[in-house]
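Structural features, examined
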Amino acid sequence: MGDVTDKLAYFQAITGLEDPDLCTEILSAHNWDLELAISSFTGTGDSSDDHRSANSAAGASGAAATSNSQVNDRFSQGTGLVAPAAGGPPGLAWKLVTLPFSIISGSLGLISGAIGLGMWAAGGLLSYSLGMIGLNSGRAGDASTTPLTTVSAAISEARGFVAGFERDFGSMRPNFVAEGFMDALQRSRHAYKLLFVYLHSPEHPDTPVFCERTLCNEALAAFINENFVAWGGSIRASEGFKMSNSLKASRFPFCAVVMAATNQRIALLQQVEGPKSPEEMLTILQRVLEESAPVLVSARLEAEERRNNIRLREEQDAAYRAALEADQARERQRREEQERLEREAAEAERKRKEEEEARERAAREAAEKEAALAKIREDKALSLGAEPEKGPDVTQVLVRFPTGERKGRRFQCTATVQSLYDYVDSLGCLEIDSYSLVSNFPRTIYGPEKLSLSLKEAGLHPQASLFVEMNS
């Protein structure tokens, strides 16, 4: 119970105190340790409680003593469990005389408590540090095999009661839970059952007969185990004694039926005092169970409705998360598709630009090449000079191209064979540059070795008919 309000309510329920300010003061003096505060409030000299109180509340000893004094005064007036003081209250003069000493004593108590708390915290920190680095492993024998968890005093008392009851009266009994009263109360609340409480008084003469013949009756034990959560405690133990005070047990054997109320308090539904037969106990418990059935059923239905609402809300949240994830997946897919299309469009645009640039470059190169060829043809045409008129020193040359086209021109007989090639080149009728001029009868190839010969020397004067032959 980590909530301050819950601790305050449980403390009021256990102790029966109605003043919330006083209860808050007591819990604060014990560092809000609920078990320690209740133990100090109802303490009867039990050595284990005193030892635990001294260890746990060393820093608040002065305040705790003052609080316990106030509690005992109020509790003795309200319940009569603590005998009142023999003398009357001190006079005003005595209070004025002792006031400075009380202030000084209280201050010294607070200072010593703070110093003790600081030393305890420092010692714990030092012990933890040494344990972390391995320097504390050899203390107290083989400390590495000692269990680190401790059992609370309430659980220890409950286990001792269960073991002792089974040893004295056998295993045919109510299944008392081996845990503290508050834990048993919470267990019954979660199981939607009532809590059957048995307070054991070992010295009472009716206790052995009641335990053997009533509590250990097979029918009664089966009925309790099926319909209740059972908790038992000895009034010799701390928690059993506290519950006897809280439930105001006046006769023994004592049984009660309680349940956890909605306001964090304990609702006492039935108490059975004195010896009873198994039939009487069954009748009483059946009546209590019938009267409380609507409350338990309502609590179970409310809890089931809360669980259904929680499950429905979780399912709705899961469906919402699934829909959100699906929307996010679709949005991610749409974004990825859009990015893919943009990449493809950018790639297509890049290729289009590259192809356009290649075409422009090819056209530019072709134009440059054509311009160069035209310049070459023009230069070669100029190098030929004007066509001479017919005469005895003029050679008539006819050239036939592979396409069947014929071209003719007159040359001086002193012109070289190279002039014939220049003439063919200047016409621009050929797509290639590698060709030869050949005569048929007789077949003569005017190749590179005859380019420097004159037409007359080459046997082409006064007239010649040549054709263009492509070189392979």
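Residues numbered from 1 in each chain as written. Predicted model: local features only at pLDDT ≥ 70, side-chain atom pairs only at ≥ 80, totals over all residues. Heavy atoms only, no water.

A few words on the packing of aromatic side chains. Using the criterion set out here, one finds 13 aromatic pairs in the structure. The interplanar angle of 75 degrees and the centroid separation of 5.5 Å between the aromatic rings of Phe165 and Phe176 together place this pair among those described as edge-to-face. One end of the pair, Phe165, is in helix H7 (residues 153-169); the other, Phe176, is in the loop between H7 and helix H8 (181-191), with 11 residues separating them in the sequence. You'll find Phe165 and Phe176 in the same group, each marked buried. Each ring, one from Phe196 and one from Phe228, has its centre 6.5 Å from the other, and the planes form 65 degrees; the classification is edge-to-face. Taken together, the residues span a long stretch of sequence, with Phe196 in strand S1 (residues 194-200) and Phe228 in strand S2 (residues 228-234) at a distance of 32 residues. Note on accessibility: Phe196 and Phe228 belong to one class, buried. Put simply, the rings of Phe161, Phe165, Phe169, Phe176, Tyr198 and Phe210 touch in pairs and so form one group of aromatic residues. Lying over the aromatic face of Tyr446, Lys450 brings its terminal NZ or CZ to 5.4 Å of the ring centre. (Phe/Tyr/Trp six-rings, centres within 6.5 Å; stacked < 30°, edge-to-face > 60°. Helix = DSSP H or I, 4+ residues; strand = E, 2+ residues; numbered from the N terminus. Buried < 20%, exposed > 50% of the residue type's maximum accessible area, 1.4 Å probe, protein only. Lys NZ or Arg CZ within 6 Å of the ring centre and 35° of its normal.)

We now examine the nonpolar core. Core analysis: the biggest nonpolar cluster contains 31 residues, and Phe11, Phe181, Leu195, Val197, Leu199 and Trp231 have the highest contact counts within it. Elements with a minimum of two residues in this core: helix H1 (4-15), helix H2 (20-29), helix H3 (34-42), H8, S1, S2 and strand S3 (254-260). Other than its neighbours up to four places away in sequence, Leu199 contacts Trp231, Gly233, Ile235, Gly240, Met243, Ser244, Leu247, Ala249, Phe252 and Phe254. Phe210, Cys211, Leu282 and Leu285 belong to the second-largest nonpolar core, a separate cluster that totals 28 residues. (Core = buried A, V, L, I, M, F, W, Y, C linked by side-chain atoms within 4.5 Å. Contact = heavy atoms within 4.5 Å.)

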